[in-house]
Amino acid sequence: MTDAVGPTTSAPPSGGAAEPYRWRWVALFVILAAEVMDLLDSLVTNIAAPAIRADIGGGESTIQWLGAAYTLAMAIGLITGGRLGDIFGRRRMFMIGAAGFTFGSLACGLAQEPWQLVAARVLQGLLGAVMLPQGLGIMKEIFSPKEQGAAFGMFGPVMGLSTVGGPILAGWLIDADFGGTGWRMIFLINIPLGLFAFVGGRVFLPAQGHGPTVRLDLLGALLAALGAALVIYPLVQGREHDWPLWAFALLAVGVAVFGLFGWYEARRKALGADPLVEPSLFAKRGFSGGMALGLVFFTAMTGFWLTFSLYTQLGLHYSAFKSGLTGIPSSIGMVIAFGAAQALQKYGRKVMHAGLVVMLAGVLGLMYTLHSQGAGVTPWEMVPSLAVSGLGMGLVMAPFFGMVLASVEVHETGSASGTLTSVQQLGAALGSAILGTVFFERLKSADFASAEQVTLWAEVGLLVVVFAAIFLLPMHGRPEHEGGEDGEDGEDGGPGEEGALRKEGEHQPA
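Residues numbered from 1 in each chain as written. Predicted model: local features only at pLDDT ≥ 70, side-chain atom pairs only at ≥ 80, totals over all residues. Heavy atoms only, no water.

(A) The arrangement of the environment of S319 in detail. When you line up the elements, S319 lands in the loop between α11 (285-315) and α12 (320-326). S319 gets classed as partly exposed once you look at its relative accessible area, which sits at 32%. Sequence separation between S319 and G171 is 148 residues; the distance between their C-alpha atoms is 7.6 Å. When sequence neighbours within four positions are dropped, the list of residues in contact with S319 reads D175 and Q313. Here the side chain of S319 touches D175 through a polar contact of 3.3 Å, side chain to side chain. (Helix = DSSP H or I, 4+ residues; strand = E, 2+ residues; numbered from the N terminus. Buried < 20%, exposed > 50% of the residue type's maximum accessible area, 1.4 Å probe, protein only. Contact = heavy atoms within 4.5 Å. Polar contact = N/O pair within 3.5 Å; in protein donor to acceptor, adjacent residues only side chain to side chain.)

(B) Representation of the nonpolar core within the structure. Among the nonpolar cores identified, the biggest contains 83 residues, and L117, L293, F297 and M382 are the most heavily contacted of them. Top element by residues in this core is α11. It accounts for 13 residues. When residues no more than four places from it in sequence are discounted, the contact partners of L117 are I52, I56, L66, C108, A111, W183 and F187. The next biggest cluster of nonpolar side chains, apart from the first, holds 29 residues, and it includes Y70, M139, I142 and A197. (Core = buried A, V, L, I, M, F, W, Y, C linked by side-chain atoms within 4.5 Å.)

(C) Main features of the packing of helix α4 (residues 114-142) against helix α5 (residues 145-153). Taken N-terminus to C-terminus, the directions of α4 and α5 make an angle of 150°; their axes are 9 Å apart at the nearest point. One finds that α4 runs roughly antiparallel with respect to α5. Touching L136, M139 and K140 of α4 are Q148, A151 and F152, all from α5. In terms of residue class, the contact of α4 with α5 is made up of 4 nonpolar, 1 polar and 1 charged. (Axes fitted to C-alpha atoms, helices over the stretch in contact; angles between N-to-C directions. Parallel < 35°, antiparallel > 145°, perpendicular 65-115°, else oblique. Nonpolar A, V, L, I, M, F, W, Y, C, P; charged D, E, K, R; others polar.)

(D) Broad picture of unusual backbone geometry. Phi angles above zero are rare outside glycine, and D242 is one such case at about 60°. Positionally, D242 belongs in the loop between α9 (218-237) and α10 (245-270). On the basis of relative accessible area, D242 is assigned to the exposed category, the value being 61%. At W243, a residue that is not glycine, the phi angle is positive and equals roughly 50°.

(E) Examining the packing of helix α2 (residues 60-88) against α9 more closely. At a minimum axis separation of 10 Å, α2 and α9 run at an interaxial angle of 165°. One way to sum up the angle between α2 and α9 is to call them roughly antiparallel. Relative to α9, α2 is oriented so that their crossing is right-handed. On α9, the residues that touch S61, Q64, W65, L72, I76, I79 and T80 of α2 are A221, A224, A225, A228, A229, I232, Y233, V236 and Q237. (Left-handed = near helix turned anticlockwise from the far one by under 90°.)

(F) Structural detail: the packing of aromatic side chains. Evaluated as defined, the whole model comprises 18 aromatic pairs. Consider the rings of W183 and F187, whose centres lie 6.2 Å apart with planes at 85°: the pair is edge-to-face. For the pair W183 and F187, a shared accessibility class is recorded, and that class is buried. Arranged with centres 6.1 Å apart and planes meeting at 75°, the rings of F282 and F287 form a pair that is edge-to-face. The partly exposed category is assigned to F282, whose relative accessible area is 39%. Put simply, the rings of F297, F298, F400 and F401 touch in pairs and so form one group of aromatic residues. It is K322 that lies over the ring of Y318; its NZ or CZ is 4.3 Å from the centre. (Phe/Tyr/Trp six-rings, centres within 6.5 Å; stacked < 30°, edge-to-face > 60°. Lys NZ or Arg CZ within 6 Å of the ring centre and 35° of its normal.)

This is how it looks when you write it as structure tokens:
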């Protein structure tokens, strides 16, 4: 299958016979535009949530769904996103994803009711999951091995700038209120980026021929989506209904559906069909432990930033812009940690343990600062604790994917990487659901300061669980480039290096 219009490439330049793709560096910036859109939209709603609720209404659960709907849809979509490119062509699916994501952004900006905005966020997440894996797969094809280091190296600065600047940009746009758009501009700003990605994809991304013959596991994808939705929905909505019996029933059914999903995947593999997730992965302690670790860690991290943003705006009465600026020390701490991670990789999982201790120290320091300074606390007084917590986050995140993937076989890496990235997104959805629920539940009978303190204690509990789970990982990660193709799109149809790249830039600050 070849797209009707546009440049083509029949073989990657690594083969030596083909000339390097002419427009590869322009194509890189098209792909980066798509990554920036995703990063911004995964970060901005925490800052914008109070303004959104004040404008279009909705309950407290609306604030949780603004983030959870996007990340849950992303988690579900990433399971099959890479395979869609293998089947229908990466450029074609990139353009469909870019167009859909842009339309979803417009729908967000025009939403008049909470349910409309949440539905548009789901659309963004699903189409983003179609778009993102394609760009990374294309990069593996159009850049020679010698150039791939420089090309993939561009993701670090772009992601770092996006994660530092995203919340600040969101706060500034909300406070500036251009043309009376208020919070809507944080979504409408995606439209020129999306158009650039769509048109640039049409003109500068190469069309590919048929990939490996792969059949989509639609029933497996449906079971995974159903299980995730059945777990997230009662966690968010149960509190508003005083935890009725149906909330616990749905949670139990959700867990059962995940069990059915595991059985179905094993059965599908035994029959010789292509499974959504390689069943053999779950027999490996390092991978199973890494999934549990990642789920809890990203739950803790995302929930931390959601509730902290709510507390600074609703409890401390910071403006959206000031709240966004307050998170900068943490982002800087993470950037420093990622820079140091390469030099520390020889220490293996000890780096992650050290990072957890540092992060715990930062969270406890923040608790002390908020308690001792009270409602008059300033952003400057929170700088030390936030910087330390960000440094710890980075030390955990930087080696995470490499440590977990060290326990899988090379032929399983594609499936393992895609599964871990989906777990990362599912953890983000759970963070909004669980810690958001803790925050609002406490708020029923106490003030904002007490609600934030209780939530931070819950954060500490989750981080202790993560510390223990790190012992399940191998002592050391896999050396870089082991096996030659570590992390690329493989026969398993995973989104390849998506997880390894996203770990460097996406940490849901503010």
